[in-house]
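Fold and contact review
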Amino acid sequence: MTSQRTSAENNKSAKAKTRSKTSRKSKSGRWLWFVVGMGGIAMVSGMAGALLAVSWDSTPLQQAQLSAKDAAVFDGDRISGDGFQFSQLTRPVNILVMGMSVLPPDVQNPPSDTKELRYLPQINSFDGLADVMLLIKFDPETKKIAMLSIPRDTRTEIEGFGTKKINAANVDGGPALTAKTVSNLLGGVGIDRYVRINVLGVAKLIDALGGVTVYVPKDMKYQDDSQHLYINLKAGKQHLKGEQALQLLRFRHDELGDIGRIQRQQMVLRSLIEQTLNPSTLTQLPQILNVVKDNIDTNLTVEELVALVGFGSRTNRSNMQMLMLPGRFSEKSEYDASYWIPQKRAIKKLMVQNFGLESELLDTETIDLGALRVAIQDSTGGDRSQIRPLITALEKAGYRNIFISKPWGEPLEITHIVAQQGDSESAESIRNTLGFGEVRVESTGNIGSDISIQVGKDWLENKAIFEAGSR
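What you see is a predicted model; the values in this text were computed from it and never measured.

**So, the packing of aromatic side chains**
Applying the stated criterion across every chain yields a total of seven aromatic pairs. Note on Phe138 and Phe311: the rings are 6.4 Å apart at their centroids and 70 degrees apart in plane angle, and the pair reads as edge-to-face. Remark: Phe311 occurs in helix H8 (residues 302-314) and Phe138 occurs in strand S2 (residues 130-139); sequence separation between them is 173 residues. Look at Phe138 and you get buried, because its relative accessible area is 12%. Arranged with centres 5.3 Å apart and planes meeting at 80 degrees, the rings of Tyr335 and Tyr339 form a pair that is edge-to-face. Given a relative accessible area of 26%, Tyr335 falls into the partly exposed group. Taken together, the ring pairs connect Phe436, Trp459 and Phe466 into an aromatic cluster. For Arg155, the ring lying beneath its charged end belongs to Tyr339, and the centroid distance is 5.3 Å. Positioned above the aromatic ring of Tyr339 is the side chain of Lys165, whose terminal nitrogen or guanidinium carbon lies 5.8 Å from the ring centre.

**What about unusual backbone geometry?**
Excluding glycine, residues mostly carry a negative phi; peptide bonds, for their part, are mostly trans. The phi dihedral of Lys143 falls on the positive side, at around 60 degrees, and the residue is not glycine. Considering the arrangement of structural elements, one finds Lys143 in the loop between S2 and strand S3 (144-149). Look at His228: it is not a glycine, yet its phi comes out positive at around 55 degrees.

**So, the side chain of Gln454**
Residue position: Gln454 is located in strand S19 (residues 451-455). You can call Gln454 buried: its relative accessible area is 2%. Among residues more than four places away in sequence, those in contact with Gln454 are Gln377, Trp408, Leu412, Thr415, His416, Val418, Thr444 and Gly445.

**Overview of helix H3 (residues 169-185)**
One turn of an α-helix holds 3.6 residues; hence residues three or four places apart share an orientation. In a regular helix each residue adds 1.5 Å, so 17 residues correspond to 24 Å; H3 covers only 12 Å between its end C-alpha atoms and thus falls short of that length. Taken as a whole, H3 carries its principal kink of about 105 degrees at Pro175. Burial runs high along H3: 13 of the 17 residues are buried.

**Some details on the packing of helix H10 (residues 388-396) against helix H11 (residues 424-434)**
As a packed pair, H10 and H11 sit with axes 10 Å apart at the nearest point and diverge in direction by 115 degrees. If you check the angle between H10 and H11, you find them roughly perpendicular. The interaxial crossing formed by H10 with H11 has right-handed handedness. In contact with Leu390, Ala393 and Leu394 of H10, H11 contributes Ile430, Thr433 and Leu434. Class assignment for the residues of the contact of H10 with H11 results in five nonpolar, one polar and no charged.

**Digging into the packing of helix H7 (residues 279-292) against H8**
For the pair H7 and H8, the least separation of the axes is 9 Å and the interaxial angle reads 145 degrees. Crossing geometry of H7 relative to H8 is assigned as right-handed. Between H7, through Pro279, Thr281, Leu282, Leu285 and Leu289, and H8, the contact on the second element is made entirely by Leu305, Val306, Val309, Gly310 and Ser313. By residue class, the composition of the contact of H7 with H8 is seven nonpolar, three polar and no charged.

**Side note on the pairing of S3**
Across the six residues that make up S3, a large majority, five, are buried. Examined bridge by bridge, S2 and S3 share six bridges and lie antiparallel to one another. From the neighbouring strand, Asp139 faces S3, where its bridge partner is Lys144. In this structure, the hairpin formed by S2 and S3 is closed by a connection of four residues, where Lys143 is found at a positive phi of approximately 60 degrees. As paired strands, S3 and strand S12 (residues 320-324) are joined by five bridges and run parallel to one another. Across the sheet, the residue bridging to Ala146 is Gln321, located in S12.

**Details of the confidence of the model for the protein**
Confidence along the protein averages 85 in pLDDT terms, with 85% of residues attaining 70 or more. For the protein, per-element mean pLDDT is lowest for helix H1 (residues 27-54), which scores 44, and highest for strand S4 (residues 155-158), which scores 98. Predicted confidence for residues 1-58 stays below pLDDT 50, and this span has 64 contacts to residues more than four positions away or in other chains.

**Points about the sheet that holds strand S17 (residues 416-419)**
Strand order in this open sheet of five strands is S16-S15-S19-S17-S18, and the pairing throughout is mixed. With partners counted over all chains shown, the strands left at the sheet margins are strand S16 (402-404) and strand S18 (438-440), one partner each. Strand-to-strand twist of the sheet, defined as the mean angle between neighbouring strand axes without regard to direction, takes the value 25 degrees. Two elements, strand S15 (residues 374-378) and S16, share three bridges in a ladder whose sense is parallel. Bridge pairing in S16 places Ala375 opposite Phe403.

Calculation criteria
Residues numbered from 1 in each chain as written. Predicted model: local features only at pLDDT ≥ 70, side-chain atom pairs only at ≥ 80, totals over all residues. Heavy atoms only, no water. Phe/Tyr/Trp six-rings, centres within 6.5 Å; stacked < 30°, edge-to-face > 60°. Helix = DSSP H or I, 4+ residues; strand = E, 2+ residues; numbered from the N terminus. Buried < 20%, exposed > 50% of the residue type's maximum accessible area, 1.4 Å probe, protein only. Lys NZ or Arg CZ within 6 Å of the ring centre and 35° of its normal. Contact = heavy atoms within 4.5 Å. Expected span 1.5 Å × (residues − 1). Bend = angle between axes of the 7 residues up to and from the residue. Axes fitted to C-alpha atoms, helices over the stretch in contact; angles between N-to-C directions. Parallel < 35°, antiparallel > 145°, perpendicular 65-115°, else oblique. Left-handed = near helix turned anticlockwise from the far one by under 90°. Nonpolar A, V, L, I, M, F, W, Y, C, P; charged D, E, K, R; others polar. Pairing = 2+ DSSP bridges. pLDDT = per-residue confidence, 0-100.

See below:
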């Protein structure tokens, strides 16, 4: 094993608990339990049979050949139960997810059928740059899922290769070196498993899940003839098929570049989770795996995949946190290339609060309301004067660093109080001050804020109260 601390060392294994049931004397009661029991057995048996048909090897979807040293980077302890408890997650687990976008020049031996083409098509490979990077924590102890997006341009040290953009770690040393690099960047957090999915499989996966209904925040149009990449989406709420959703996920040609793309990725992820992650997804898992198996490389077993999907389907949506690595854009004259510069102290705070990293950093810290950066994003369509009473109320409560920001674009029924940097405690404090809205731990707000208040229509219902209080 490497020196990085695994998540298994920091957490106790969760144990499955059962309660004895009193016997039912009535005939109807006995039949009820018989029917329920047989239905459960049939569902589990059918799922197990279907999974066996996919392949019940220890690494059924692993396409990379890891050396013993590389395999040891990941915690080998089991994460799921056995027998009829095979779909139960038994301990906290951290999964590194990489989205691969690979062109023929990115690999040593590109497919022969791409050589005569006059453009560069996407190819089904895992050897290129990691276009997307997520660290996801599934925690059965807190019943939460935390997803941390790591910008591909993050400037960091890659062991043996110097300081580079983090997306190069996969080219330099595959999933093992990428896991080491991510762990070092995040203060030594353990990484249990990895998943690499090629961009060709993303559209297939979304189609297999039935598409996704999402709000496209603005018109998006982009054309790259060299790759045959064509993006043409209109603003507004709509149901996207896989190829359309992929256009939304890949678009990065605006003022925020890759950071704006990460925000849209989080938006699509949340919509997919809310619309498709439910108990019925478990029964569809064999078909879904069959569709995307050629485009996925992972050291997760099928049993472990079932446990993760099962845990996700039972997790309350309010307990799903979507974070982004704290940092800033590099200045034009700062480096030869453009980077996302990580902010070490903010990263440490985020990892302590959301990934269980041990630290004395927060022991003596209290919330400084005056220093908290609060962005107001008005999604009601009114003029700025309408939200003045809200700002006045925040100022009276001690918040001094408040600024107006460009709205996200989607009209909201309920105000979102977004913990942009993962600080849910501060977001809850603002929610208690206002008395309305819902807290969301995600990174879809203003990137220069600690908390973004995305004002919804519920503000209009409460406005009169705030106006009366300001007199």
